[in-house]
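Listed below are the residues making up each chain.
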Amino acid sequence: MHDQVFIGNEWHESCSGRKIPVYNPTTEKLLCEVEEADSDDVDKAVRSARAAFQMGSPWRSMDASDRGHLLNRLADLVERDRLLLATLEALNCGKVFLVAYFVDLMATIKTLRYYSGWADKIHGKTIPVDGEYFTYTRHEPIGVCGQIIPWNFPLMMFVWKIAPALCCGNTVVIKPAEQTPLSALHMAALIKEAGFPPGVVNVLPGYGQTAGCAISHHMDIDKVAFTGSTAVGKLIQKAAGESNLKRVTLELGGKNPNIVFADCDLEYAVEQAHSGLFFNQGQCCLAGSRVFVEEPIYEEFVRRSVEKARSKVLGNPLLPGVDQGPQINQKQFNKIMELIESGKREGATLECGGSPGGQQGLFIQPTVFSNVRDHMRIAKEEIFGPVQQIMCFRSISEVIERANATQYGLAAGVFTNDINKALTVSSALQAGMVWVNCYNAMSIQCPFGGFKMSGNGRELGEYALQEYTEIKAVTIRISQKSS
Amino acid sequence: MTSSKIEIPGEVKSDPAALMASLQLMPSPVPNPEIKYTKIFINNEWQDSVSGKVFPVYNPATGEQICEVQEADKADVDKAVQAARLAFSLGSVWRRMDASERGRLLSKLADLVERDSVYLATIESLDSGKPFLPTLFVDLQGTIKTLRYFAGYADKIHGTSIPMGKTVKERISQMWNFPLMMTAWKLGPALACGNTVVLKPAEETPLTCLYMAALIKEAGFPPGVINILPGFGPTAGAAIASHMGIDKVAFTGSTEVGKLIQEAAGKSNLKRVTLELGGKNPNIIFADADLDLAVEEAHQGVFFNAGQCCTAGSRVYVEEPIYDEFVRRSVERAKRRIVGSPFDPMTEQGPQISREHQSRVLEFIQIGITEGAKLECGGKALGLKGFFIEPTVFSNVRDDMRIAREEIFGPVQQIMKFKTIDEVIERANNSDYGLVAAVFTKDISKAMTISTAMQAGTVWINCFNALSTQCPFGGYKMSGNGREMGENGLKEYSEVKTITIKMVAKNS
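Thresholds, definitions, all that
Residues numbered from 1 in each chain as written. Chains lettered and ligands numbered in written order. Predicted model: local features only at pLDDT ≥ 70, side-chain atom pairs only at ≥ 80, totals over all residues. Heavy atoms only, no water. UniProt positions renumbered as here; feature names shortened; annotations may be inferred. Helix = DSSP H or I, 4+ residues; strand = E, 2+ residues; numbered from the N terminus. Rg over C-alpha atoms; globule rule 2.2 N^0.38 Å. Buried < 20%, exposed > 50% of the residue type's maximum accessible area, 1.4 Å probe, protein only. Contact = heavy atoms within 4.5 Å. Areas by Shrake-Rupley, 256 points an atom, 1.4 Å probe, with all protein chains shown as cover. Lys, Arg positive; Asp, Glu negative; His and termini not counted. Charge placed at Lys NZ, Arg CZ, Asp CG, Glu CD. Buried area = accessible area lost by both parts, 1.4 Å probe. Salt bridge = Lys/Arg side-chain N within 4 Å of Asp/Glu carboxyl O. Polar contact = N/O pair within 3.5 Å; in protein donor to acceptor, adjacent residues only side chain to side chain. Nonpolar A, V, L, I, M, F, W, Y, C, P; charged D, E, K, R; others polar. Pairing = 2+ DSSP bridges. Axes fitted to C-alpha atoms, helices over the stretch in contact; angles between N-to-C directions. Right-handed = clockwise from strand over helix to strand, strands pointing away. Phe/Tyr/Trp six-rings, centres within 6.5 Å; stacked < 30°, edge-to-face > 60°. Lys NZ or Arg CZ within 6 Å of the ring centre and 35° of its normal. Core = buried A, V, L, I, M, F, W, Y, C linked by side-chain atoms within 4.5 Å. Parallel < 35°, antiparallel > 145°, perpendicular 65-115°, else oblique. Left-handed = near helix turned anticlockwise from the far one by under 90°. pLDDT = per-residue confidence, 0-100.

- Per an unreviewed UniProt entry, chain B carries the name Aldehyde dehydrogenase domain-containing protein and comes from Astatotilapia calliptera.
- Its UniProt record gives chain B the following Sequence similarities (unreviewed entry) comment, quoted word for word: "Belongs to the aldehyde dehydrogenase family."

- In the nomenclature of an unreviewed UniProt entry, chain A corresponds to aldehyde dehydrogenase (NAD(+)) from the organism Astatotilapia calliptera.
- Quoted verbatim from the Sequence similarities (unreviewed entry) heading of the UniProt record, the comment on chain A is "Belongs to the aldehyde dehydrogenase family."

1. Re the overall build of chain A
At step 1: Tallying secondary structure elements over chain A gives 16 helices and 20 strands in all.
At step 2: Relative to the 2.2 N^0.38 estimate, which gives 23 Å for 483 residues, the radius of gyration of chain A is 23 Å and therefore close to what a compact globule would have.
At step 3: Projected onto its principal axes, the C-alpha coordinates of chain A cover approximately 75 × 60 × 40 Å.
At step 4: Residue burial in chain A is summarised as follows: out of 483 residues, 58% are buried.
At step 5: By sequence separation, contacts in chain A at least 24 residues apart represent 74% of the contacts at least 6 residues apart.
At step 6: Approximately 18600 Å² of chain A is accessible, and the part contributed by carbon and sulfur atoms is 53%.
At step 7: Put simply, chain A has 47 plus and 52 minus side-chain charges, and the middle of one group is 2 Å from the middle of the other.

2. Concerning the interface of chain A and chain B
At step 1: Each side of the interface is counted separately: chain A has 23 residues, and chain B has 20 residues.
At step 2: Taking both partners together, chain A and chain B bury about 1900 Å²; carbon and sulfur atoms supply 57% of that area.
At step 3: For the chain A face of the interface with chain B, the top three residues by lost area are A:Lys121, A:His123 and A:Leu423, together amounting to 23%.
At step 4: On inspection of chain A and its partner chain B, the count reaches 0 salt bridges.
At step 5: Linking chain A with chain B are 7 residue pairs in polar contact (both at pLDDT 80 or more), by the criterion used here.
At step 6: Of the residues forming the side of chain A that touches chain B, the biggest block, 5 residues, is contributed by helix H15 (residues 419-428) of chain A.
At step 7: Grouping the amino acids of the side of chain A that touches chain B by side-chain chemistry returns 7 nonpolar, 11 polar and 5 charged.

3. Some thoughts on the sheet that holds strand E13 (residues 374-377) of chain B
Residues and elements named next belong to chain B.
At step 1: The 7 strands lie next to each other as E13-E16-E17-E12-E11-E18-E19, forming an open sheet whose pairing is mixed. Looking at the sheet topology across the chains shown, the edges are occupied by E13 and strand E19 (458-461). Each neighbouring strand pair of the sheet contributes to a mean axis angle of 20°, computed without reference to strand direction.
At step 2: As defined by bridge partners, strand E11 (residues 282-285) adjoins strand E18 (residues 436-440) across 3 bridges and the pair is classed as parallel. Looking at E18, one finds that Asn283 is bridged to Ala438.
At step 3: Sheet strands touched by helix H12 (residues 291-303): E11, strand E12 (315-319), strand E16 (392-395), strand E17 (412-418) and E18. Its angle to E17, the strand with the most contacts, is close to 135°.

4. A word on helix H8 (residues 208-217) of chain A
At step 1: Taken together, the buried positions of H8(A) are A:Ala211, A:Gly212, A:Ala214, A:Ile215 and A:Ser216.
At step 2: Those residues of H8(A) that are buried are in contact with helix H1 (39-52), strand E7 (144-148), strand E8 (171-175), strand E10 (223-227) and helix H9 (230-242) of chain A.

5. Remarks on the pairing of strand E6 (residues 133-141) of chain A
All names here are of chain A.
At step 1: Note that strand E5 (residues 126-127) and E6 share 2 bridges and pair antiparallel. Looking across to E6, one finds that Ile127 is bridged to Thr135.
At step 2: Connecting E5 to the antiparallel partner E6 that follows it, the hairpin turn spans 5 residues, and Gly131 within it adopts a positive phi of roughly 100°.
At step 3: Relative to strand E20 (residues 469-477), E6 runs antiparallel, the two being bridged by 9 bridges. Pairing of Glu140 across the sheet is with Glu470, part of E20.

6. Notes on the UniProt feature "active site" (unreviewed entry) in chain B
Residues and elements named next belong to chain B.
At step 1: The residues that UniProt annotates with the feature "active site" (unreviewed entry) are Glu276.
At step 2: Following the sequence through the fold, Glu276 ends up in strand E10 (residues 272-276).
At step 3: With residues near it in sequence (within four places) discarded, Glu276 still touches Phe251, Thr252, Gly253, Leu435, Phe473, Gly474, Gly475, Ser479, Gly482, Arg483 and Glu484.

7. Observations regarding the pairing of E10(B)
As a general feature of sheets, a regular strand has side chains that alternate between the two faces.
Residues and elements named next belong to chain B.
At step 1: Of all 5 residues in E10, 4 are buried, a share of seventy percent or more.
At step 2: Both strand E9 (residues 248-252) and E10 contribute to a ladder of 5 bridges, which runs parallel. The partner of Lys248 across the bridge, within E10, is Arg272.
At step 3: Once the chain exits E9 it traverses helix H11 (residues 255-267) before rejoining the sheet at E10, and the crossover so formed is right-handed.
At step 4: When E10 meets strand E20 (residues 480-481), the two strands line up antiparallel, connected through 2 bridges.

8. Focus on the packing of aromatic side chains
At step 1: Overall, the coordinates contain 26 aromatic pairs over all chains when judged by the stated rule.
At step 2: Taking 5.3 Å as the distance between ring centres and 85° as the angle between the ring planes, the aromatic pair formed by A:Phe261 and A:Phe393 counts as edge-to-face. Here A:Phe261, found in the loop between strand E12 (257-260) and helix H10 (266-278), pairs with A:Phe393, found in strand E16 (residues 387-393); they are 132 residues apart in sequence, far enough to count as distant. Per residue, the accessibility class of A:Phe261 equals that of A:Phe393, and both read buried.
At step 3: The structure contains a cluster of three or more aromatic residues connected by ring pairs, namely B:Tyr37, B:Phe41, B:Trp46, B:Tyr119 and B:Tyr211.
At step 4: The ring of B:Tyr119 has B:Lys36 lying over it, and the distance from NZ or CZ to the ring centre is 5.6 Å.
At step 5: The ring of B:Tyr493 has B:Lys248 lying over it, and the distance from NZ or CZ to the ring centre is 4.5 Å.

9. A closer look at unusual backbone geometry
Residues and elements named next belong to chain B.
At step 1: Positive phi is not limited to glycine here, since Ala306 has a value of about 55°.
At step 2: Residue position: Ala306 is located in the loop between H12 and E12.
At step 3: Even without being glycine, Asn462 reaches a positive phi, approximately 55°.

10. Here's the deal with the pattern of salt bridges
Residues and elements named next belong to chain B.
At step 1: What the rule picks out here adds up to 57 salt bridges over all chains.
At step 2: Between Glu406 and Arg402 there is a salt bridge; the shortest N-O distance is 2.6 Å.
At step 3: Of the residues examined, Glu406 reaches a relative accessible area of 27% and is grouped as partly exposed.
At step 4: Judged by relative accessible area, which is 33%, Arg402 ranks as partly exposed.

11. Some thoughts on the nonpolar core
At step 1: Judged by nonpolar contacts, the single largest core of 184 residues is most densely connected at A:Tyr115, A:Phe158, A:Phe196, A:Phe301, B:Phe221 and B:Phe326.
At step 2: By size, the runner-up hydrophobic cluster in this structure holds 28 residues, among which are A:Phe292, A:Ile378, A:Val387 and A:Ile400.

12. Quick word on the packing of helix H3 (residues 64-80) of chain A against helix H5 (residues 97-118) of chain A
Residue and element names in this part refer to chain A.
At step 1: The interhelical angle for the contact between H3 and H5, taken along N-to-C directions, is 165°, at an axis separation of 7 Å. It follows that H3 is roughly antiparallel to H5 by the angle criterion. Crossing of H3 against H5: the hand is left-handed. The segment H3 lies against H5, with Gly68, Leu71, Asn72, Leu74, Ala75, Asp76, Val78 and Glu79 engaging Leu105, Thr108, Ile109, Leu112, Arg113, Tyr115 and Ser116.
At step 2: Within the contact of H3 with H5, the residues separate by chemical class into 8 nonpolar, 4 polar and 3 charged.

13. Looking at the confidence of the model for chain B
Residue and element names in this part refer to chain B.
At step 1: Mean pLDDT over chain B: 91, with 92% of residues reaching 70 or higher.
At step 2: Note on residues 1-8: pLDDT under 50 across the span, and 26 contacts to partners over four residues away in sequence or across chains.
At step 3: Within the model, pLDDT remains below 50 along residues 164-171, and this stretch shows 40 contacts once partners closer than five positions in the same chain are excluded.
At step 4: In the predicted assembly, ipTM is 0.76 and pTM is 0.87.

As structure tokens, then:
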């Protein structure tokens with residue numbers, strides 16, 4: 001396992017000499033220690049990334065198709081090391097191994113291949129301006145991009161960040177979460193093996209308050225991209241304003257409504273709502289954590305959801321047959337348990353679960369609350385754990401209003417067979433992604449991002465390219481114009 | 001890829017020992033290559049022709065027969081169209097496949113072409129007379145890059161949702177001058193967009209295309225998605241152009257045949273037509289150009305591939321002050337051009353594709369002499385075996401001469417003189433063709449003015465034959481309809497459907 005700071009295609013010790021302990025949440029035992037990057041390391045990394053970005057550098061003068069070629073090569077290497085990377089994810093995050101292998105790794109590879117295809121298709125335009133001029137736009141890379149990623153999908157988030165950035169020709173300083181640096185560090189080794197020039201990608205494991213803060217305040221970083229909590233997202237945007245007005249994109253939290261009408265395919269809706277919440281131990285910004293069910297089917301829906309929740313198998317995520325692993329750490333565990341307690345206190349009906357799972361460790365039983373009212377904390381705050389809230393609604397306009405009554409706006413689901421309900425609700429919801437008769441249907445080709453305080457900007461698809469290019473309009477005087 | 005990029009650096013070239021040393025590092029052709037595939041490819045299977053007919057394939061460097069290939073005719077086209085239609089039906093494997101998976105198949109095909117690139121370059125050389133090293137470095141690279149480029153586009157073909165409604169989005173015949181690369185140019189965008197294909201390679205050069213068929217099967221394309229039918233234009237080609245079950249025809253070849261194809265489309269089922277036809281391309285050299293660069297680029301621009309290029313810069317307009325010097329240097333360069341066996345690493349120029357084409361070019365040269373142009377060098381056939389022609393340069397060419405108006409498609413360079421920018425623009429545009437144009441100058445205004453004024457699909461400034469998969473390519477006027485390559489290439493292979501759904505209440 002790699003355990004050092006990766007700058008300029010080389011492994012370094014941290015400037016401070018400090019290390020970060022990395023744990024296996026299933027056993028709560030120490031896996032290893034990695035070098036801890038702080039602001040001095042960030043400075044070194046930015047210098048390296050800046051040098052790699054200079055006009056005339058290998059990275060800047062490379063054919064765009066060659067940038068694509070490198071990304072494709074990286075995808076090949078990830079595919080080669082798929083088992084190892086899936087194992088690292090399972091060990092370091094507590095993810096179910098088979099899910100890591102088939103979902104996280106597949107998405108990682110596809111993301112790299114998707115953006116490798118875009119590299120030489122980033123087009124400017126020629127524009128018919130007034131006057132005797134020839135005008136065209138260049139879509140240039142922004143420059144040095146700082147990227148801060150979370151612990152819930154470490155590898156996938158790593159690639160969601162670097163792929164569009166590199167595709168557009170930027171250089172990157174990326175800080176994986178302090179809890180989950182291992183897959184990122186392996187990726188650093190693969191990046192070097194693939195042949196990316198030194199300084200193009202620099203990987204700095206570190207803490208948010210130190211390394212993350214240094215990145216968001218850095219005067220020589222041109223853009224910061226952050227995925228994490230809304231609370232920290234606000235700090236990042238502030239920091240950008242306080243420092244050099246770096247461009248900011250944010251992927252933050254969600255309290256996502258999943259609206260189930262009486263005319264839906266009931267069993268299917270129950271199943272989708274279930275996986276929509278419990279996927280990844282509930283540690284998903286997309287978690288459908290407010291399930292609004294139309295009155296006529298409410299009781300049945302709750303009954304079936306509880307049955308499903310009870311059937312989940314908790315255990316060692318490396319073993320087959322396990323559905324749910326541990327939460328990532330004690331802090332998250334405590335926060336989830338606290339919110340569960342608040343649910344009980346505030347009068348929601350605890351249908352099942354509600355307690356830690358197993359004798360030791362960070363496991364929490366799959367938990368279902370019914371009769372949840374919109375003012376309760378469990379209906380308003382992002383829990384980020386295996387806790388499903390099921391509410392009742394009567395009319396379409398009522399549920400639209402209730403679904404939208406939140407500062408968040410990341411995703412939403414609608415289950416109905418009626419075409420008019422589907423179109424009306426999907427148009428009305430203030431969410432960056434709306435799923436009709438499905439949930440968590442994600443694909444690399446499709447833009448991803450939030451309305452309101454769930455974030456700014458879009459990742460994935462063609463839209464991500466906009467976030468990683470700076471447009472320059474060039475106007476040349478000509479002696480005579482012709483249309 | 002530029003035709004001049006394969007030039008060996010000057011300092012190495014002048015030192016024979018260094019040259020030989022550098023050549024040792026170059027890849028060699030496969031000795032005695034086996035021709036594995038000589039049948040018709042339909043539904044991922046190899047089949048004999050319905051008629052039982054075969055036709056011979058020749059090596060133009062020796063005039064000798066390489067092998068015989070099954071000859072497809074109308075009945076085979078019908079079989080192929082049936083297979084392609086089935087592969088295209090709603091609910092088929094191909095139609096239901098994720099777009100990204102189509103991209104993966106194209107990418108896999110690129111990997112296989114790369115794996116077998118030395119063999120493919122060998123066969124291409126043998127079949128078409130192209131020198132082996134340029135074939136490996138230009139044609140094979142161009143092929144691989146094209147396949148990879150369109151592999152990347154497959155899942156990025158977006159419709160538009162329009163504040164009102166919503167939109168969503170198919171048969172080919174090609175040329176002997178870049179057989180393998182033209183195959184990739186046609187297949188790449190067609191497959192990226194999800195079409196199925198019936199492809200007829202030129203009768204002179206079917207071999208690499210047939211080998212690609214085997215790679216297509218190995219890559220995992222479902223049966224019927226790509227079908228390859230070697231055959232002749234007047235039979236198999238005509239059957240494709242008039243077929244009622246083909247939705248689109250794409251053709252690269254002569255303007256004369258292009259017209260027949262468009263007519264056939266109109267007479268049959270109004271199938272969509274894209275055409276990449278001939279050119280008589282102007283290359284304009286101003287007195288302030290970098291002279292060495294201009295001479296070399298103009299030379300490669302017309303002589304590349306033995307002049308068998310729709311982009312050949314066959315009308316070189318040189319500004320009066322530098323005319324004599326330009327002619328002198330061009331003649332000296334042409335005399336130095338090494339004509340020989342395609343497998344000799346020193347060869348710059350191979351044979352013409354066939355006896356028929358060789359005769360045609362020689363006839364044009366005679367016409368030029370008769371019409372009064374000055375033959376500066378070359379002008380004759382070379383050697384007894386094969387179809388070689390000396391690199392030929394004419395000066396004092398007048399615009400009304402046939403060698404200045406008609407596409408020769410051989411190693412014959414015409415150099416004309418001009419005085420003013422307005423004059424040369426008018427003369428350059430005075431053609432039914434409009435494929436490419438080039439200008440050599442250091443002056444930014446001249447460059448901008450000329451590039452705006454040229455009636456040509458591609459204009460090169462201080463370069464020639466600088467083609468790249470990312471860039472749209474096609475002709476104005478009678479050089480063709482539509483654009484290949486780049487994002488524009490996708491448009492020609494998709495059909496737009498607008499879908500409008502009634503909403504009970506609208507909101508912006």
